[in-house]
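Per-entry structural report
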Amino acid sequence: MLGIETSCDETGVGIVRGRDLLANVIASSMEEQARFGGVVPEVAARAHLEALQPTLAAALAEAGVGLADLDALAVTSGPGLAGALMVGIGAAKGLAQATGLPLYGVNHLVGHVGADLLRTETDADRGELELPTIALLVSGGHTSLLLVRDLLDDVELLGETIDDAAGEAFDKVARLLGLPYPGGPEIDRAAASGDPGAIRFPRGLTAPKDRDRHRYDFSFSGLKTAVARWVEAARDRGEEVAVPDVAASFREAVVDVLTAKALDACREHGIPRLLLGGGVVANRRLRELAETRAADAGVALRIPPLALCTDNGAMIAAIGAQLVDAGRPPSDPRFGADSTLPVTRVQA
Amino acid sequence: MGAFERMLPDTAATEAFGAELGGILRPGDAVILAGELGAGKTALTRGIGAALGAEGAVSSPTFVIARTHRTARGMPLVHVDAYRLVSSSELDDLDIDFPASITVIEWGRGLAEPVLDAWLDLELTRPKGGALDPEADPDEPRRLVAIPHGGDWAERLSTLTP
């Protein structure tokens, strides 16, 4: 099964056999995007167009297979940037037409959960993904808390961000602190020498008044405003902004809310399992705090290898393989890009 | 040109104003939203979305630049973040169907006007710097100023109570 992922700025092609990972090749237009201070959809779409063919060839070479060896194809159909998705879907449909292989349109967010199914040579002892599980998916474009009872048939969205995604908050605070894009690694670097307890920034949607309506939703806008005001106040006083302390305190506020809400969901649903996914999992402090809190709560924490946490084609292939195994028919060939595809629709 | 001013005591009031404004919007309308990071631009748009019955979560469009929501009222709500666009022609490149949609453009001031015939300019101002207690509730008052430009915006604005 070959999977293609183009929902944002990474062009990913992965090849799996059932649950065994054979190839995972990713080309990123990050450097190009950095000039614009973020992902520009038109730039992303053009970059996908240029990167797809070489990425496909590299994945086939890495897996040591030819197109004739494939049994089926899968492609991300949403959610994501419409123009970027269209490039991947167009390529996948062309490939399906040329090879006669069945094509499956797959949900990107469920793909992040599916990434955990994949077995690589180095992590044979990771054990199996058990369901149901709570899944926390955090990236530049998404901050979602899912309850996954069945990978193909029963995925429930418990909550999501009502304003900025977590990765986006990192980018915006980096901007406030005069740090370059992308903000995540920059904030991480600056935070290394800072005191996470120096400033107590607000934790969005954790007040009792938000308990009913926004139990599992996230908000990082108020936090961003608090950082902006703190920076302005320091400048007004003619003081140098203590960037390491601000970065460390901000990062602490983000990972505190993310992990607290995820573990609340585990406890309140009686599910002692938590899965992390998405590019922000690259943040060391997020992994650290999730590990500590999960251990304290008796929750088994699963984090796929980092190369499978960021956007990639292998995770899409993994869900495609599950669909084939379950005997599902291929997607209607007329399916298109759906930038707001809900998690309840695993297959397009 | 009658400018319209209102104090919005908290985020809920910002959303409520958005909902009120949503009530007088119709296809072809464009709203330019100005105000620094954290001023409440997305919160106000969330209110507009609620009034129109927008599908999907009206959250920050920064990452995707433009997000289109279907609405219960029929016309699409297009929510744009123009911060990373450098020229009016880049906004034009997004191929937004302005006549058929309600378009809200965050960070659109100084960039969106050339592609519009009429628009409502909204500016949100939050307290800046000063003596801030970081432990305090970040939900502080915003000042809203609305300035009509062309069309019948001035008349329509006068139907709202300042």
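Quick note: structure is the one above.
First, a word on what this report is: a plain description of the structure on this page.

Conventions we followed
- Residues numbered from 1 in each chain as written.
- Chains lettered and ligands numbered in written order.
- Predicted model: local features only at pLDDT ≥ 70, side-chain atom pairs only at ≥ 80, totals over all residues.
- Heavy atoms only, no water.
- Disulfide = S-S within 2.5 Å.
- Contact = heavy atoms within 4.5 Å.
- Buried area = accessible area lost by both parts, 1.4 Å probe.
- Salt bridge = Lys/Arg side-chain N within 4 Å of Asp/Glu carboxyl O.
- Nonpolar A, V, L, I, M, F, W, Y, C, P; charged D, E, K, R; others polar.
- Patch = residues over 30% accessible without salt bridge, like charges linked within 9 Å, V, L, I, M, F, W, Y side chains within 5 Å.
- Areas by Shrake-Rupley, 256 points an atom, 1.4 Å probe, with all protein chains shown as cover.
- Lys, Arg positive; Asp, Glu negative; His and termini not counted.
- Charge placed at Lys NZ, Arg CZ, Asp CG, Glu CD.
- Helix = DSSP H or I, 4+ residues; strand = E, 2+ residues; numbered from the N terminus.
- Phe/Tyr/Trp six-rings, centres within 6.5 Å; stacked < 30°, edge-to-face > 60°.
- Buried < 20%, exposed > 50% of the residue type's maximum accessible area, 1.4 Å probe, protein only.

**So, the state of the cysteines**
- Throughout the structure, instances matching the rule amount to 0 disulfides over all chains.
- Here Cys8(A) stays unpaired: no disulfide links it, and the sulfur of Cys309(A), its closest cysteine neighbor, is 16 Å away.

**Observations concerning the interface of chain B and chain A**
- If you look at the interface, chain B gives 27 residues, while chain A gives 33 residues.
- Interface area, chain B with chain A, both sides summed: about 2,800 Å², of which 58% is carbon and sulfur.
- Across the contact surface, chain B and chain A share 2 salt bridges.
- The partner of Arg126(B) in a salt bridge is Glu232(A), with the nearest N and O atoms 3.1 Å apart.
- Residue composition of the side of chain B that touches chain A, by class: 13 nonpolar, 7 polar and 7 charged.

**Focus: a negative patch on the surface**
- Taken together, the side chains of Glu42(A), Asp92(B), Asp93(B) and Asp95(B) present a region of like negative charge at the surface.
- Relative to the helices and strands, Glu42(A) resides in helix H2 (residues 41-63).

**Quick look at the packing of aromatic side chains**
Residues and elements named next belong to chain B.
- Enumeration over the complete set of coordinates arrives at 4 aromatic pairs over all chains.
- With a centroid separation of 4.8 Å and 70 degrees between ring planes, the pair formed by tyrosine 83 and tryptophan 107 is classed as edge-to-face. Here tyrosine 83, found in the loop between strand E4 (77-81) and helix H3 (88-92), pairs with tryptophan 107, found in the loop between strand E5 (102-106) and strand E6 (119-125); they are 24 residues apart in sequence, far enough to count as distant.
- By relative accessible area, which is 35% here, tyrosine 83 ends up partly exposed.

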